[in-house]
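For reference, the chains in residue letters:
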Amino acid sequence: MQPADLADHGVISTASLRSIGIGPSAIRRRVRQHELLPLVRGWYAVRLPGSARAPWEGADRFETAKLRHALVAAALVRSFEGRAVASHASAVVLHGGRLWQSDLSTAHLARVADDHSRHRRGAVIHPSTGQPPNHTPTGLATVPMAWAVVQVGLVPVVDGRPSPMESLVCADWALAAQLVTRGELDVAIDAHGGHPHVDAVRRLLGGADGRHESVGETRLAHALRHLGYTVVPQLEVRVNGRSYFADFALDAEPVLVEFDGLGKYLMAANGVPTAADPASRARFAVAAQRRRQDELEQAGYEFARIAWADLDDLGVLRAKVERARDRARRRRTA
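Every value quoted in this text rests on a predicted model; they were computed, and no experiment measured them. (Residues numbered from 1 in each chain as written. Predicted model: local features only at pLDDT ≥ 70, side-chain atom pairs only at ≥ 80, totals over all residues. Heavy atoms only, no water.)

Counting secondary structure elements, the protein chain contains 12 helices and 13 strands. Referenced to the eigenvectors of the C-alpha coordinate spread, the extents of the protein chain come out at roughly 80 × 50 × 30 Å. Taking all 334 residues of the protein chain together, the buried fraction comes to 47%. Within the protein chain, contacts between residues separated by at least 24 positions form 56% of all contacts whose residues are at least 6 apart in sequence. Computed over 43 positive and 36 negative side-chain charges, the separation of the two mean positions in the protein chain equals 6 Å. (Helix = DSSP H or I, 4+ residues; strand = E, 2+ residues; numbered from the N terminus. Buried < 20%, exposed > 50% of the residue type's maximum accessible area, 1.4 Å probe, protein only. Contact = heavy atoms within 4.5 Å. Lys, Arg positive; Asp, Glu negative; His and termini not counted. Charge placed at Lys NZ, Arg CZ, Asp CG, Glu CD.)

A separate point is the pattern of salt bridges. The final tally for this structure, using the stated rule, is 15 salt bridges. Of the charged contacts in the structure, one is a salt bridge between Arg 111 and Asp 114, with a shortest N-O distance of 3.4 Å. Overall, the relative accessible area of 16% leaves Arg 111 in the buried class. Between Arg 305 and Glu 258 there is a salt bridge, and its shortest N-O distance comes to 3.7 Å. In this pair, Arg 305 sits in strand 13 (residues 302–306) while Glu 258 sits in strand 12 (residues 255–259), placing the two residues 47 residues apart along the sequence. Linked by salt bridges that have partners in common, Glu 253, Glu 322 and Arg 325 make up one network. (Salt bridge = Lys/Arg side-chain N within 4 Å of Asp/Glu carboxyl O.)

Both trends apply: most residues other than glycine have a negative phi, and most peptide bonds are in trans. Of note in this structure, His 88 is not a glycine but carries a positive phi near 50 degrees. Mapped onto the elements of the fold, His 88 is located in helix 5 (residues 88–94). The exposure class of His 88 is buried, given its relative accessible area of 6%. The backbone of Asn 240 shows a phi angle near 50 degrees, a positive value even though the residue is not glycine. The topology assignment puts Asn 240 in the loop between strand 10 (231–239) and strand 11 (242–250).

This next bit is on the sheet that holds strand 12. The pairing of strands in a sheet happens through backbone hydrogen bonds and is either parallel or antiparallel. Spatially, 10-11-12-13 is the arrangement adopted by the 4 strands of the open sheet, whose pairing is mixed. Edge strands, defined here as strands with exactly one partner in the open sheet, are strand 10 and strand 13. Mean inter-strand twist for the sheet, computed between neighbouring axes without regard to direction, equals 45 degrees. The sheet contact formed by strand 11 and strand 12 spans 2 bridges and is antiparallel. Across the sheet, Phe 248 pairs through a bridge with Val 257, a residue of strand 12. Sitting on the sheet, helix 12 (residues 314–333) is in contact with strand 11, strand 12 and strand 13, with an inclination near 170 degrees to strand 13. (Pairing = 2+ DSSP bridges. Axes fitted to C-alpha atoms, helices over the stretch in contact; angles between N-to-C directions.)

We now examine the nonpolar core. Of all hydrophobic cores here, the largest spans 61 residues; its most connected members are Leu 39, Met 145, Val 149 and Leu 205. Setting aside residues up to four positions removed in sequence, Val 149 forms contacts with Ser 167, Cys 170, Ala 171, Ala 174, Leu 185 and Leu 205. (Core = buried A, V, L, I, M, F, W, Y, C linked by side-chain atoms within 4.5 Å.)

Take helix 3 (residues 24–32) next. Among the residues of helix 3, those classed as buried are Ala 26, Ile 27 and Arg 30. Angular distribution of buried residues about the axis of helix 3 spans 105 degrees; they occupy a single face of the element. Opposite the buried face of helix 3, at more than 90 degrees from it, the exposed residues are Ser 25, Arg 28 and Arg 32. Structurally, helix 3 contributes buried residues whose contacts are with helix 1 (3–6), helix 2 (14–19), strand 2 (36–40) and strand 3 (43–46). (Arc of directions from axis to C-beta.)

Before going further, it helps to spend a moment on the environment of Arg 292. Relative to the helices and strands, Arg 292 is located in helix 11 (residues 278–298). For the pair Arg 292 and Val 239, spaced 53 residues apart in sequence, the C-alpha to C-alpha distance is 9.3 Å.

On to the packing of helix 7 (residues 164–176) against helix 10 (residues 215–226), then. The description of two packed helices rests on the angle between their axes and on the distance between the axes. Two numbers describe how helix 7 lies on helix 10: the axes approach to 9 Å, and their chain directions differ by 115 degrees. The crossing of helix 7 and helix 10 is right-handed. Across the interface between the two elements, Met 165, Leu 168, Val 169 and Asp 172 of helix 7 pack against Val 215, Thr 218, Arg 219, His 222 and Arg 225 of helix 10. Here the contact of helix 7 with helix 10 is built from residues that sort into 4 nonpolar, 2 polar and 3 charged. (Left-handed = near helix turned anticlockwise from the far one by under 90°. Nonpolar A, V, L, I, M, F, W, Y, C, P; charged D, E, K, R; others polar.)

Bear in mind that shape data such as this cannot, by itself, settle questions of function.
Laid out in structure tokens, this is it:
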């Protein structure tokens, strides 16, 4: 019998390893051979025999951080044997949710039945929420998703300060995934009413919208609201028998505002073939995006394309939108 035969949610305890004859020296050898990864005291992640990539190895640094965080959270939840559930960013990660700035080097749990908190290296155990737990599709217990959405905006993120925007990023995803309702978010916000940062989270969650499909779109929607623009997310536009979806359309104006994040090129809704390798897919996406923009411009629309850096400079963002509005006005008067 091998560790993978006893692993649950990709993790295994030292006790389980010893039960199949794998003692301390054998554990250390398997760690050196990248068959096991130490997570928390007494728990390891398990690499499946013959797998090309370990379950803690992602395609990029952020994916790797999320995968490792999920394994640590799973190990902690299992180690508490029903006395604690995943909370905050850990709950979001275990549900496959969207995050932006959360500190994934720290796992978060909430006790089930008491109000004691505890800090240990790489983990924080919070008091009970008083709410029945949710469960991930694989059966791990977490706080209700509405609570996790609020929580991620109240704790320090990677720069050491709370970021209410993290709650908005997560809320947009959770609404799209139908894991929360607006009513549940309101209840969760009220439950955190004594927290010094909850008012900022409350204000941002007023703009939560499940039609925002990425961190960039969530941030862009917030910036556009802040600048006073009224927009429609994911507007469907039919041109030459094809349906296209724009990230945002200005209300009552033929101006489309699009977020140009890495790999963010929207295709025709009726589908197109994709190439196999990443470089070919990128070239195909760029060509399709250009063709799409040409067709929409011929149909009378103007574009404001917003880059990630523009989200930190509202003056630049406004200027791009206003230039597109000016072009649209000149068309109407030409």
